[in-house]
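Fold and geometry: a report
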Amino acid sequence: MPPSPMACYAFILVLLQIFTPISARLIRPVTNNTLVSDGDRPVQLWRVGASLQHPSLQHLLLQGLIEKWADDATSSLVMVREEDVPEVQAALQEEQVEYNVAVEDLLSLVAAETEHKMRGRRKREIERMDWNSYHALEDIEGYLGWLNASTNGVVQVLSAATTQEGRPVYVVRVNDRGATGPKKRIWIEGGIHAREWISPAATTFILHQVATNPDWQRTILPHTEWYFVPVANPDGYAHTFTGGRARLWRKNRRVNDNALPDRCNGVDLNRNWDLKWGVGASQNPCSELYMGEVPFSEAETTGLKYFMERVGPLDLFITFHSYGQSVLYPWGWTKDPPKNAKMLHRVGRRFLEAVQHVSKGQVDYTLGGSGAMLGFASGATDDWAYGALGAKHAYTIELRDTGHYGFLLPEAQIGSTVRETAAGVQCMVTYMINNGVCARRRRNARNRNNV
Ligand SMILES: [Zn+2]
């Protein structure tokens, strides 16, 4: 469904503002409206004339006073809550870092998006999942229930954990038990960061291909066994559907301290895994990068860890995030490449080629080690899957876009994004099993014909 004129207008406004060069624009004085709750107070988007690697920006990030929107070598876009404006302003002025306000109130865009979504939603039969709109948690769970009941035991929906708010963390196993012989084990994780809505959409779309697409079932399923986690952070995801600031929530919903502001709740589940825990993460609960009190302090990460250990060594692990259009492999905690970096690079390259092919050259991804490409982060699922569990291939894939819409990727882009992502994964897997669209013998034959 196309976005409403209001949403289009709002996004065009953002683009115009984001690409305004840093100038002497002054930050408008903040108006204090005591009638609105914290959850509805403005969140601004600032363009800052320094990278997030700059020590003072790094400090603000780890304190939870700013949140990352985009970052490059010389500038960054960051979210700043209205009540934190004076403190952030003072810190940047002291360091003589230039900044301006790109968007006065990011939440007005969220409001336009939510209004459009609610208007466009209809009560649908659970099996009629679609990839034209973002779906609430209960819709996704309804769809999983339908798959479980209608695929003759090929799809099993299992629970890995129960969250602090009492929601199950589902793992969906897809395995054709009629097909014997060696199988590659593949784990696909989505939705560990609450606001990255395109991630559960891509994960459920690939699940749909594996479970129902005759081509995938013929060429891929007999040689593979799949585990999908459509929403690894269900409390956080459900929270993002409650409106206002909640749309931009990243962490889970652990209550750290009731006396502190809401931003000080939650743990970043992608900093809570036990491999070089603490590098590039924050010890401050108020930061969006809060790593938790101890590794595996959270029900979600503990439950998924035990489940993955029971499954055993994986051949391929992928976790979907947004945004950035990049395929990243370990390590996150160091720039040094892992032992089999060449093989990780070769299989990752298959994703890039397939996306380029399906998008007719319109969508480009980058590929490399995540520590080298994004800056250090540890406690992430991919490093753990690779370094602790022994997965042969492990990737974090940052989906569309490159920052124009960021976390608020329009619904009009869901269909094309999930289709190109599924094509990318299909190419990686068929390359690994050497059967299907990117099988090596086909590639070699094609190469020979070209000589
Ligand atoms: Zn993420």
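All residue numbers refer to position in the chain's written sequence, counted from 1. The model is predicted, so local features are restricted to residues of pLDDT at least 70 and side-chain atom pairs to those at 80 or more, both for listing and for counting; the totals for chains, interfaces and linings are taken over all residues. Each side-chain value is derived from all of the structure's non-hydrogen atoms; neither hydrogens nor water enter the calculation.

1. A look at the overall build of the chain
Just so we agree on the cut-off: Only runs of H or I of at least four residues qualify as helices and only runs of E of at least two qualify as strands under DSSP, and these elements are numbered from the N terminus. Type-normalised accessible area, obtained with a 1.4 Å probe on protein chains alone, sets the label of each residue: buried when under 20%, exposed when over 50%, and partly exposed for intermediate values. Whether two residues are in contact is decided by their heavy atoms: any pair within 4.5 Å suffices.
Helix and strand content of the chain: 14 helices and twelve strands. Here the chain holds 451 residues, and 58% of them are scored as buried. Sequence separation of at least 24 residues holds for 73% of the intrachain contacts in the chain that already meet a minimum separation of 6.

2. Considerations on the nonpolar core
So the rule is basically this: To form a nonpolar core, buried Ala, Val, Leu, Ile, Met, Phe, Trp, Tyr and Cys residues must be joined to one another through side-chain atoms within 4.5 Å.
With 88 residues, the main nonpolar core has Val174, Trp187, Trp226 and Tyr395 as its most contacted residues. For this core, the leading source of residues is helix 13 (residues 414-433), giving eleven residues. Residues contacting Val174, with those up to four places away along its chain left out, are Val154, Val155, Leu207, Val210, Ala211, Leu221, Glu225, Trp226 and Phe228.

3. Considering the coordination of the zinc ion
Condition: Each metal's donors are the N, O and S atoms found within 2.8 Å of it, except that Na, K and Ca use a 3.2 Å limit; water is left out, so coordination can look incomplete. Site shape is set this way: if four donors have all angles between 85 and 135 degrees, tetrahedral; if opposite donors are over 155 degrees apart and all others between 65 and 115, square planar for four donors and octahedral for six; otherwise irregular.
Ligation of the zinc ion by protein atoms is provided by His193 (ND1), Glu196 (OE), Glu196 (OE) and His321 (ND1), these donors lying 2.1 to 2.3 Å from the ion. What the four donor atoms of the zinc ion show is an angle range of 57 to 150° at the metal, which sorts the shape as irregular. Each donor residue of the zinc ion belongs to the same chain, with the gaps between them written as H-x2-E-x124-H. Residue class for Glu196 comes out buried when judged on its relative accessible area of 3%.

4. Some remarks on the state of the cysteines
The following threshold applies: Pairs of cysteine sulfur atoms within 2.5 Å are identified as disulfides in what follows.
All chains considered together, the criterion is met by two disulfides. The disulfide that involves Cys264 links it to Cys286, with 2.1 Å between the sulfurs. Taking the sign of the S-S torsion, 100° for the link of Cys264 and Cys286, the bridge is right-handed. Remark: Cys286 occurs in the loop between helix 8 (234-240) and helix 9 (299-311) and Cys264 occurs in the loop between helix 8 and helix 9; sequence separation between them is 22 residues. Under the relative-accessibility criterion, Cys264 is labelled buried at 1%. If you count the bonded cysteines of the chain from the N-terminus, they pair up as 1-2, 3-4.

5. Notes on the pattern of salt bridges
This is how it is decided: A side-chain nitrogen of Lys or Arg and a carboxyl oxygen of Asp or Glu constitute a salt bridge if their distance falls within 4 Å.
Within the structure shown, the criterion is met by 18 salt bridges. For Arg250, the salt bridge goes to Asp268, with nearest N and O atoms at 2.7 Å. A residue pair is termed long-range when its members are at least 10 positions apart, and Arg250 in the loop between helix 8 and helix 9 and Asp268 in the loop between helix 8 and helix 9 qualify at 18 residues. Take Asp268: its relative accessible area is 0%, and that puts it in the buried class. For Asp315, the salt bridge is made with Lys392, and the minimal N-O distance between the two is 3.3 Å. One end of the pair, Asp315, is in the loop between helix 9 and strand 9 (316-322); the other, Lys392, is in the loop between helix 12 (381-387) and strand 12 (393-399), with 77 residues separating them in the sequence. The class of Asp315 is buried, set by a relative accessible area of 9%. Salt bridges here are not isolated pairs; linked through shared partners, they connect Glu67, Arg81, Asp84, Arg195, Arg263 and Glu288.

6. So, helix 2 (residues 55-63)
Our working rule: Regarding the arc, it is the one traced by the directions from the helix axis to the C-beta atoms.
Every buried residue of helix 2 is accounted for by Ser56, Leu57, Leu60 and Leu61. The buried residues of helix 2 all sit within an arc of 140° when viewed along its axis, so they share a single face. In this structure, the buried residues of helix 2 make contact with strand 1 (43-48), strand 2 (67-71), strand 3 (76-81) and helix 3 (85-94).

7. Here's the deal with the UniProt feature "active site" (unreviewed entry) in the chain
Here is the rule: UniProt positions are given in the numbering used here, feature names are shortened, and annotations may be inferred rather than shown by experiment. Throughout this description, a polar contact denotes any pair of N or O atoms lying within 3.5 Å of each other; where both atoms belong to protein, one of them has to be capable of donating a hydrogen while the other can accept it, and for residues adjacent in sequence the pair is counted only when both atoms sit in side chains.
Here the UniProt feature "active site" (unreviewed entry) sits at Glu398. A relative accessible area of 12% means that Glu398 is categorised as buried. With residues up to four places along the chain from it excluded, the contact list for Glu398 reads His321, Ser322, Tyr323, Gly324, Gln325, Ser326, Leu328, Tyr365 and Leu374. Within polar-contact distance, the side chain of Glu398 engages the backbone nitrogen of Tyr323 at 3.4 Å.

8. Observations concerning the packing of aromatic side chains
Using the following cut-off: Here a Phe, Tyr or Trp ring, Trp counted by its six-membered ring, pairs with any other such ring whose centre lies within 6.5 Å, and the pair is stacked when the planes are under 30 degrees apart, edge-to-face when over 60, and tilted otherwise. Criterion for a charge above a ring: Lys NZ or Arg CZ within 6 Å of the ring centre, and within 35 degrees of the ring normal.
Within this structure, the stated rule accounts for 21 aromatic pairs. A centroid spacing of 5.1 Å and a plane angle of 50° characterise the contact between Trp273 and Trp384, whose relative ring orientation is tilted. Placement of Trp273 in the loop between helix 8 and helix 9 and of Trp384 in helix 12 is noted, with a sequence separation of 111 residues between them. The interplanar angle of 70° and the centroid separation of 5.1 Å between the aromatic rings of Trp331 and Tyr386 together place this pair among those described as edge-to-face. Of this pair, Trp331 sits in the loop between strand 10 (326-329) and helix 10 (341-358) while Tyr386 sits in helix 12, placing them 55 residues apart in sequence. An aromatic cluster is defined as three or more aromatic residues linked by ring pairs; in this entry it consists of Trp131, Tyr143, Trp146 and Phe205. Residue placement shows Arg350 over the ring face of Tyr431; its charged tip is 4.8 Å from the ring centre.

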